[in-house]
Amino acid sequence: MVDIKNENQKIEEKMRNVARDLLKEKKVDLIIGYSEGTLPLASAPVFIRDEQEVNKLVWNNSCYVNLAKYLIPNIRENINGEFVDLKVGIISKGCVARSIIHLLVEHQINKENIIIIGINCNGILDRRRIEKDIGAHEITETEVSGDYLIVKGNKFEKKFKFEDYMNELCKHCKIRAPPISDSLKDNIVGECQEVDSLEDPFEDIIDFEKKSADEKWAFMNEVLKDCTRCYACREACPLCYCNLCFVDQNLPTWFGKTSEISDILIFHMVRGLHLAGRCVECGACSSVCPMGIDLSLINRKINQIVKDRFDFVSGLSLEKLSPMMTYKMNDKQEFMLEEN
Amino acid sequence: MNEVITEKAQKEDWEPKIIAFLCNWCSYAGADLAGVSRIQYPSNIRIVRVPCSGRLNPFFIIRSLVDGWDGVLVSGCHPGDCHYISGNLVARRRFAILNDLLEFFGIEPGRVNFMWASAAEGERFAVLVRKTTEIVKKLGPNEKFKKQW
């Protein structure tokens with residue numbers, strides 16, 4: 001039996017010690033981490049400058065936010081009328097570190113200003129599924145004991161097995177601590193792991209693709225029809241950093257603002273295309289969706305295409321260019337029309 | 001009564017409307033050559049001239065389907081012949097991903113077609129347009145993705 005509570009405490013302790021040391025030695029000006037959320041099953045990001053405040057940092061299994069989002073644009077401070085980049089320490093589970101590495105590949109952040117505080121993530125809960133199972137009750141308290149999560153509310157109490165209610169992406173996750181490489185040695189403290197390549201069989205995608213075109217279409221319609229296009233998925237994604245997103249432009253208006261299914265699908269298709277070769281499968285987009293839509297299917301399909309066609313996995317190394325930033329003369333072109 | 005007849009007639013000799021994005025330097029000139037050489041090809045395509053196939057945002061292609069076009073044809077210079085050196089090579093990667101993604105969403109393969117045609121290949125252009133029209137005709141009208149209101 002895995003004692004989740006114990007694991008969490010250990011992670012929390014390590015994380016606080018590293019953060020305290022970094023602040024004490026003035027290696028960083030600021031620590032970004034997770035703090036207790038205002039609602040159960042949620043956590044809030046916290047910015048810490050003082051070593052006395054380090055105890056605000058927590059690790060529970062609801063830390064679904066991808067903190068790399070806060071690194072863009074560069075974190076600056078006005079000192080005597082001049083803007084100075086701050087040195088930032090950032091609490092990173094595997095996927096946060098991968099986002100940071102990919103942002104470095106795309107030259108969005110400065111390597112000198114980032115220190116990755118690695119932790120060995122033990123999985124994030126799928127809070128949307130828990131909320132769905134509980135139904136129309138308010139959750140007031142959650143507690144972890146053993147490998148169970150106990151959810152309490154007004155006149156009810158329910159137990160959830162941690163393993164079953166973990167985020168689907170976390171179940172298969174192999175990169176739980178930040179991937180380290182020679183070029184990143186000086187930027188990582190705490191836990192880390194060496195990763196050369198990532199093998200993913202993409203079983204769920206292959207299963208899905210056995211359906212006929214009409215079945216796939218019907219399924220996609222069913223899944224996405226609830227989407228209200230609040231763009232929370234875009235806001236939560238660390239790699240959606242455009243100053244002006246195509247959905248916000250209205251000269252020309254790229255696409256309609258109605259709740260019709262083709263308008264919804266067009267957004268999700270183009271969002272997927274924009275994440276080609278960049279998505280690190282952190283699951284932040286699905287976790288923040290107010291309608292509980294699971295976007296991982298689209299994201300994983302995009303990752304499968306990129307892996308199959310261009311042999312690329314995002315966020316593993318600083319040296320390899322993202323596939324959409326480059327080209328090869330001999331790329332596969334079997335989909336092109338030919339005369340015979 | 002009249003309506004019934006016209007509806008039936010419409011179904012029987014329904015002709016697909018295909019939007020064709022042709023690159024200015026090769027395929028557009030290829031289409032021109034086909035015309036000058038009096039090579040017959042179906043009049044189903046409506047041509048949009050673009051500076052380069054790399055100019056095409058995959059969004060244009062998806063949006064064409066939403067706007068009700070029955071098919072989309074994209075044509076550029078052969079790899080290595082791009083006027084802007086690498087425009088079509090960058091575009092090819094985008095099209096590859098778009099092609100796979102559309103299929104994943106359940107759009108029939110063949111709604112969106114990609115091809116290369118140089119300025120000297122009037123014949124090839126006509127053949128491939130004929131082929132595209134046939135494919136799209138077989139698929140029928142684009143009812144799925146078309147915006148209904």
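Please read these numbers as outputs of a predicted model, since none were measured by experiment.

Residue and element names in this part refer to chain A. Contact geometry for helix 6 (residues 213-224) and helix 8 (residues 261-274): axes closest at 10 Å, N-to-C directions at 95°. By the angle class used here, helix 6 and helix 8 are roughly perpendicular. Residue-level contacts link Met220, Asn221 and Leu224 of helix 6 to Ile261, Ile264, Leu265 and His268 of helix 8. Of the residues belonging to the contact of helix 6 with helix 8, the class tally is five nonpolar, two polar and no charged.

Right, let's talk about unusual backbone geometry for a bit. All names here are of chain A. In this chain, Ile72 is followed by Pro73 through a cis amide linkage whose omega measures -10°. Mapped onto the elements, Pro73 comes out in the loop between strand 2 (43-48) and strand 3 (76-79). If you check the backbone angles, His107 has positive phi at about 55° while not being a glycine. Not every positive phi belongs to a glycine, and Tyr231 is a case in point at roughly 65°. For Tyr231, the location among the structural elements is in the loop between helix 6 and helix 7 (232-236).

So, about the interface of chain B and chain A. On the side of chain A, 33 residues touch chain B, which itself brings 36 residues to the contact. Where the side of chain B that touches chain A is concerned, the elements lending two or more residues are helix 3 (58-66), helix 4 (87-105), strand 4 (112-116) and helix 5 (122-139) of chain B. The element contributing the most residues to the side of chain B that touches chain A is helix 4 of chain B, with 12 residues. For the side of chain B that touches chain A, the residue count by class is 20 nonpolar, seven polar and nine charged.

Residue and element names in this part refer to chain A. Counting through the fold element by element, Val223 comes out in helix 6. The partly exposed category is assigned to Val223, around which 15 C-beta atoms lie within 10 Å. The spacing of Val223 and Gly292 is 69 residues in sequence and 9.8 Å in space, taken between C-alpha atoms.

What follows covers the domain arrangement of chain A. Residues and elements named next belong to chain A. Each domain of chain A was delimited in the assignment, giving domain 1 (4-123 + 173-194) and domain 2 (203-325). On a C-alpha basis, the centroid separation for the pair domain 1 and domain 2 is 26 Å. Residues that form the side of domain 1 that touches domain 2 fall into these classes: 12 nonpolar, six polar and three charged.

Rules and cut-offs
Residues numbered from 1 in each chain as written. Chains lettered and ligands numbered in written order. Predicted model: local features only at pLDDT ≥ 70, side-chain atom pairs only at ≥ 80, totals over all residues. Axes fitted to C-alpha atoms, helices over the stretch in contact; angles between N-to-C directions. Helix = DSSP H or I, 4+ residues; strand = E, 2+ residues; numbered from the N terminus. Parallel < 35°, antiparallel > 145°, perpendicular 65-115°, else oblique. Contact = placed C-beta atoms within 7 Å. Nonpolar A, V, L, I, M, F, W, Y, C, P; charged D, E, K, R; others polar. Buried ≥ 20, exposed ≤ 12 C-beta atoms within 10 Å, placed from the backbone. Domains from an automatic or database assignment.

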